[in-house]
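Chain residues, written in single-letter form:
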Amino acid sequence: MSRSSQYNPFDTPRQSAGSPFLDPSRPLSGSIPDLSVTSTPRDDAPILPAASASASAEGDLPSTTKESYASDSLDPPRRPLYKRPVFWVLAAGIVAVVVVAVVVPVYFTVIKPNQHTRVSSGSASSSSSNNDAGGDGASGSSTSPDKPVQTAITTGGDGSTVTMEDGTTFVYNNKFGGYWVSDPENPFDNSARPNSWTPALNETWTWGRDRIWGVNLGGLFVLEPFIVPALYEANPGAVDEWTLSTLLAQKGAGQLQSALEDHYNSFITEQDIAQIAGAGLNWVRLQIPFWAIEAWNDVGVDENGQHVAEPFLAKVCWKYVLRLLGWARKYGLRVNLDLHTIPGSQNGFNHSGKSGPINWMNGPMGLANAERSLYYQRVITEFVSQPEWKDLIPIFSVINEPFMAKIGRPQVESFYYQAYQMVRGVTGTGAGNGPMIAFHDGFSGPGGWANFLPGADRVALDTHPYFAFNGKANRDPVNVTADGGDGQEMGGQWPLLACNSWGAMMNNSRANFGVTFAGEFSNAINDCGLYVNGVNADTADNSAYGPGCSYWEDASGWSDDTKAGLLNFALASMDALGDWFFWTWKIGPSSTTNSVRAPLWSYQLGLQNGWMPTDPRVASGKCEHLGTQMAPFDGNFQAWQLGGAGAGTIAAGATADLAWPPQLSNIAGADMAQLPQYTPTGTIATLPPPTFSTPGVTVTAAVGNGWFNAQDTTPAVTPIAGCAYPDAWDAIGAAIPAAGCQPAA
């Protein structure tokens, strides 16, 4: 059996669970369909205008033509019946009877029980749809002079009108059978669905059959320079969020909070989330910083004897995280929550919080920073495991991109085992108990993780394959005929290279490790783009590509062949990876050009301009079409990998080499016992649930308190009084305190 048929998620039609919006799923045949096969709302769906219900898309209703009224009588021709006034009087009566006999029973037996179509006064009626609106996901926003008050459930599919919190409206465009649901009395309603082939949030996700087709929301809560360049251009000297926060705070009281809240409030909007669902996608990977929980005002003493405070804007982003999660729920998008920053920096990159040395699991403060990281992972685990959130957030990526080549494999593996024990200590084991735990491969590739923690309950492997950072110039053209295939496609070497590099790699990992997905990939075949290599590091001397990057920074000059080649590369990448999150949904414009200067990284821009697919399903079979054999995986994981029989029973001997703490890099063996640590005597900083204050609405659903396991009462970690800690973010080479920095036994 070919790989495409094994993985085809459309072979078995998904049950619609009584949704009035969906046609039965239609199977795809062949390796690549000539046309996008879509699932559209049924013609009798209440969200469609009457004109669209005149005939069945599937041809199951007879078509009425003028020939059907012809008379076989030999009598002289008479005026056709349908031109007589009496006909229309009778027809109107018949229609009225049909409405009473069919629509009303459907409403009370299907729609109302499923709470999919009740609309309150003052909110946008989803029955007044506009199927002529262009674009994907959202369009046609306008401002309402009087903010409506929604007090009952509303829902809608393609062409429906969405009224946002501020009273403005937009038209929801979703050609794939998706529908949104909003219930003010139960803001945790999980009945929304992004498309016909993806289960609703309140339906079971089946690993190996249901596929992750997602995007990252990079740059929203972790301010990466190449994603939000304008913030860095406005603050010369800023190279990461540490320096950006420092410079903004120096501008005056409230300047840091004002600038960041303006960004949180505008960079990703509800319309973006609607567009993501409308693009045929079904997941988002959401980056959050640890300072959503807290930041410390004293993390040690620097080389000049000065106490160092973390400059990050603590806690403020959390309310915007909650809002984003609410939008994802509204449009049926599942969330992979990604803890993207780690105390001390896990990789030295600007998106870890601070660029420079790695002080996590490395050097004198490596153990203390790891202890603090485990605490923040615990706080997040407690939140996402609550019944209000567990179906929305099925994956928790506990740490992003630890640089294993510098930290060491034994050190990373030992930490992962500690994180696993902590998470499952909170949630318990077995399907439905807390999220799947995702570990990044540490840039080593998935192959080396095949025998890691066999028997562990619901652990996934995350890999981030990029050609852009392979150290090569990558100047091979994309606007020429693609290698392999039928000679009719563009892309040069790149589509086939993606298939050959990643297809078998991913499927072998699924067979040998378990659930494996690409948490990041992009269309970047090279490292061109403003700030892609960092602020002040995107010159020809610092770019592997060398001279000529200006072409790749300005998509307005790209030829149709370039766009076609990039599209083919994107399709090949999607097919090879199988389960994926594109990095990233949106790139903000440069303030100097008012244009996106890293366009290879923007899904949204590619969608708008033709180098990203408007229907991701057309990627299925692309690699087979190009001639790649991808070591097919049959889609069946072992029971314990998905929380079934044996889950949590880790094979004997599998943890023998995972001692805690492990010997850290840059630390002599004799000094390990003296490494500074924190003590678990602090006050827990629980992540608060959202608050709801819609006038005239009483929330009847439980909202939780941010803490799933009431038996988990271990205090937070906190510095030990009297310990002379070195700067936790810059301690490599610092002296280890002689005494007083270990917790009491």
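1. So, the overall build of the protein
Reasoning step 1: Of regular secondary structure, the protein possesses 14 helices and 15 strands.
Reasoning step 2: Here the protein holds 745 residues, and the buried ones make up 56% of them.
Reasoning step 3: Relative to all contacts within the protein whose residues are 6 or more apart in sequence, the contacts with residues 24 or more apart total 75%.
Reasoning step 4: Total accessible area on the protein stands at roughly 29,200 Å², and carbon and sulfur atoms take up 53% of it.

2. Focus on the pattern of salt bridges
Reasoning step 1: Scanning the model with the defined rule gives 18 salt bridges in all.
Reasoning step 2: With its nearest N and O atoms 3.6 Å apart, the salt bridge here joins D391 to K390.
Reasoning step 3: In this structure D391 comes out as partly exposed when scored by relative accessible area, which is 31%.
Reasoning step 4: The closest approach of N and O atoms between R424 and D457, which form a salt bridge, is 3.2 Å. Remark: D457 occurs in the loop between strand 10 (436–440) and strand 11 (459–463) and R424 occurs in helix 10 (residues 409–427); sequence separation between them is 33 residues. The residues R424 and D457 share a single accessibility class, namely buried.

3. Observations regarding the side chain of N474
Reasoning step 1: Positionally, N474 belongs in the loop between strand 11 and helix 11 (494–512).
Reasoning step 2: Only 3.2 Å separates the side chain of N474 from the side chain of N470, close enough to count as a polar contact.
Reasoning step 3: Side-chain polar atoms of N474 contact the backbone oxygen of I525, separated by 3.1 Å.
Reasoning step 4: Here N474 is in contact with F467, A468, W494, I525, N526 and Y545, once residues within four sequence places are set aside.

4. Here we look at the pairing of strand 11
Reasoning step 1: Where burial is concerned, most of strand 11 is hidden: five out of the five residues are buried.
Reasoning step 2: Burial along strand 11 is two-sided: V459, L461 and T463 facing one way and A460 and D462 facing the other are all buried.
Reasoning step 3: One ladder, built from four bridges, connects strand 10 with strand 11; its direction is parallel. Counterpart to H440 in the pairing with strand 11 is D462.

5. Observations concerning empty space enclosed by the protein
Reasoning step 1: Counted by the stated rule, this structure contains five cavities of 30 Å³ or more.
Reasoning step 2: The computed volume of the second largest cavity comes to approximately 80 Å³.
Reasoning step 3: Lining the second largest cavity are twelve residues, and of these W207, G208, R510, D579 and F637 sit closest to its centre.
Reasoning step 4: Residue composition of the lining of the second largest cavity, by class: six nonpolar, two polar and four charged.

6. Considering the packing of aromatic side chains
Reasoning step 1: Enumeration according to the criterion identifies 51 aromatic pairs in this entry.
Reasoning step 2: Summarising the aromatic geometry, the rings of F176 and W197 are spaced 5.4 Å apart at their centres and angled 65° between planes, so their arrangement reads as edge-to-face. In this pair, F176 sits in the loop between strand 4 (169–173) and strand 5 (180–182) while W197 sits in the loop between strand 5 and strand 6 (213–216), placing the two residues 21 residues apart along the sequence.
Reasoning step 3: Looking at W197, the relative accessible area reads 6%, which means it is buried.
Reasoning step 4: Every member of this aromatic cluster is reached through a ring pair, and the members are W242, F290, W291, F312, Y375, Y376 and W729.

7. A short note on the state of the cysteines
Reasoning step 1: Tallying each qualifying case throughout the model produces three disulfides.
Reasoning step 2: Bridging C499 to C623, the disulfide has an S-S length of 2.0 Å. What sets the handedness of the C499 and C623 disulfide is the S-S torsion sign, and at about -80° it is left-handed. Of the two residues, C499 sits in helix 11 while C623 sits in helix 14 (residues 622–626), which places them 124 residues apart along the sequence.
Reasoning step 3: Since its relative accessible area comes to 1%, C499 is described here as buried.
Reasoning step 4: Accessibility expressed as a relative area gives 0% for C623, which makes it buried.
Reasoning step 5: One disulfide in the model links C723 with C741; its S-S distance is 1.9 Å. Where C723 bonds to C741 through sulfur, the torsion about that S-S bond is close to 100°, and the disulfide is right-handed. One end of the pair, C723, is in the segment after strand 15 (716–718); the other, C741, is in the segment after strand 15, and 18 residues separate them in sequence. Exposure class is identical for C723 and C741. Each is buried.
Reasoning step 6: Going through the protein in sequence order and numbering each bonded cysteine, the pairs you get are 1-4, 2-3, 5-6.

8. Brief notes about the confidence of the model for the protein
Detailed reading of the predicted coordinates is not advisable wherever pLDDT falls low.
Reasoning step 1: Averaged over every residue, the pLDDT of the protein is 85; the share at 70 or more is 80%.
Reasoning step 2: In the predicted structure, residues 94–135 sits below a pLDDT of 50 and forms 78 contacts with residues beyond four places in sequence or in another chain.
Reasoning step 3: Long-range and interchain partners of residues 140–145, a stretch whose pLDDT sits below 50, account for ten contacts in this model, where long-range means more than four residues apart.

9. Remarks on the nonpolar core
Reasoning step 1: Core analysis: the largest hydrophobic core is formed by 174 residues, its most contacted members being L286, W601 and Y603.
Reasoning step 2: Ranked by residues supplied to this core, first place goes to helix 8 (residues 366–384) with ten residues.
Reasoning step 3: Y603 has contacts with V215, L281, M574, W580, F582, T584, W585, M612 and P613, leaving out every residue within four places of it along the chain.
Reasoning step 4: Core analysis: the next-biggest nonpolar cluster, separate from the first, contains 13 residues, M436, A438, A460 and F637 among them.

Cut-off values and rules
Residues numbered from 1 in each chain as written. Predicted model: local features only at pLDDT ≥ 70, side-chain atom pairs only at ≥ 80, totals over all residues. Heavy atoms only, no water. Helix = DSSP H or I, 4+ residues; strand = E, 2+ residues; numbered from the N terminus. Buried < 20%, exposed > 50% of the residue type's maximum accessible area, 1.4 Å probe, protein only. Contact = heavy atoms within 4.5 Å. Areas by Shrake-Rupley, 256 points an atom, 1.4 Å probe, with all protein chains shown as cover. Salt bridge = Lys/Arg side-chain N within 4 Å of Asp/Glu carboxyl O. Polar contact = N/O pair within 3.5 Å; in protein donor to acceptor, adjacent residues only side chain to side chain. Pairing = 2+ DSSP bridges. 1 Å grid on protein atoms, 1.4 Å probe; cavity = no way out; pocket = protein on both sides within 12 Å on 5 of 7 lines; lining within 4 Å. Points joined across faces, edges and corners; volume = space filled by probe spheres on them. Nonpolar A, V, L, I, M, F, W, Y, C, P; charged D, E, K, R; others polar. Phe/Tyr/Trp six-rings, centres within 6.5 Å; stacked < 30°, edge-to-face > 60°. Disulfide = S-S within 2.5 Å. pLDDT = per-residue confidence, 0-100. Core = buried A, V, L, I, M, F, W, Y, C linked by side-chain atoms within 4.5 Å.

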